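Read off the chains here:
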Amino acid sequence: GIFALVSSARGLLSNLDGGLAPTGYRYFPVYVGRGDVAATTSFLLTMLTLVAIIVGGVATTMILVAPAAVGVFAHGSGLAGHSHETVQLIRDLMPALFVAAIRTPIQRLVMAHHRWAFLNYTQVLAVVAYAATAVGVSLATSGLQCLIWATYTQEAILLITAAWACRRYISLKRLRW
């Protein structure tokens, strides 16, 4: 129950990107369609900077106010006895929110090039790695540590493969500063 609550809160917070996700859906295909690598690179770096500022601020704020946020949910529920674990889980998963937010514009660029199969395969690979990590770590530790490590494993695979896939679609040499 605690992991589901924190994961739901993390999912809600992932939507607080200032409208950058729809912007990426709109402009990456425009720049890709024109073959404008310099504009694509500039737009990607701008998106990554804005996401780092906005989502980094949200994640940092949640890490700092986690005890107060948990206090709101603990009133009149069974979570009151698990507030320490819930606070720790929020603090452990907020960096994963940041990593996922950084990954999203990179995946939007890959999507603009219609690399659907690549994204699907990497997502399946990430889910398999998540499950294997959760099972493997659960054999060595107790508690929710297995799910935290599995989440980071999944995000790392998705970020690394998306960044690798878009390397040929950007060029820092043609970037206009």
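Residues numbered from 1 in each chain as written. Predicted model: local features only at pLDDT ≥ 70, side-chain atom pairs only at ≥ 80, totals over all residues. Heavy atoms only, no water.

Asker: I tried to follow the pattern of salt bridges on my own but got confused; where do I start?
Answerer: When their charged atoms lie close together, side chains carrying opposite charge are able to pair. With the rule as written, the count across this model stands at 1 salt bridge. Of the charged contacts in the structure, one is a salt bridge between Glu155 and Arg103, with a shortest N-O distance of 2.9 Å. Pair noted here: Glu155 is in helix α7 (residues 145-165) and Arg103 is in helix α5 (residues 83-112), with a separation of 52 residues, a long-range link. Of the two residues, Glu155 and Arg103, both sit in the buried class. (Salt bridge = Lys/Arg side-chain N within 4 Å of Asp/Glu carboxyl O. Helix = DSSP H or I, 4+ residues; strand = E, 2+ residues; numbered from the N terminus. Buried < 20%, exposed > 50% of the residue type's maximum accessible area, 1.4 Å probe, protein only.)

Asker: How do you make sense of the packing of aromatic side chains when you look at a structure like this?
Answerer: Describing an aromatic ring pair means giving the distance of the ring centres and the angle of the ring planes. Counted according to the given criterion, the structure contains 5 aromatic pairs. With a centroid separation of 5.7 Å and an interplanar angle of 65°, the aromatic rings of Tyr31 and Phe43 are classed as edge-to-face. Of the two residues, Tyr31 is situated in helix α2 (residues 20-34) and Phe43 in helix α3 (residues 37-64); the sequence distance between them amounts to 12 residues. The class for Tyr31 is buried, based on a relative accessible area of 18%. One aromatic cluster is present, built from ring pairs that chain together Tyr27, Phe28, Tyr31 and Phe43. Arg26 extends its terminal NZ or CZ atom over the ring of Tyr27, reaching a point 5.4 Å from the ring centre. Positioned over the ring face of Trp164 is Arg167, at 4.2 Å from the centre of the ring. (Phe/Tyr/Trp six-rings, centres within 6.5 Å; stacked < 30°, edge-to-face > 60°. Lys NZ or Arg CZ within 6 Å of the ring centre and 35° of its normal.)

Asker: Please explain the packing of α2 against α3 as it appears in this structure.
Answerer: Helix packing geometry: the angle between the two helix axes and the distance between the axes. Between α2 and α3, the least distance of the axes is 10 Å, while the angle of their chain directions is 170°. Taken together, the axes of α2 and α3 lie roughly antiparallel to each other. Across from Leu20, Thr23, Gly24, Tyr27, Phe28, Tyr31 and Val32 in α2, the residues of α3 making contact are Ala39, Thr40, Phe43, Leu44, Met47, Leu50, Val51 and Ile54. Taken together, the residues that form the contact of α2 with α3 break down as 12 nonpolar, 3 polar and no charged. (Axes fitted to C-alpha atoms, helices over the stretch in contact; angles between N-to-C directions. Parallel < 35°, antiparallel > 145°, perpendicular 65-115°, else oblique. Contact = heavy atoms within 4.5 Å. Nonpolar A, V, L, I, M, F, W, Y, C, P; charged D, E, K, R; others polar.)

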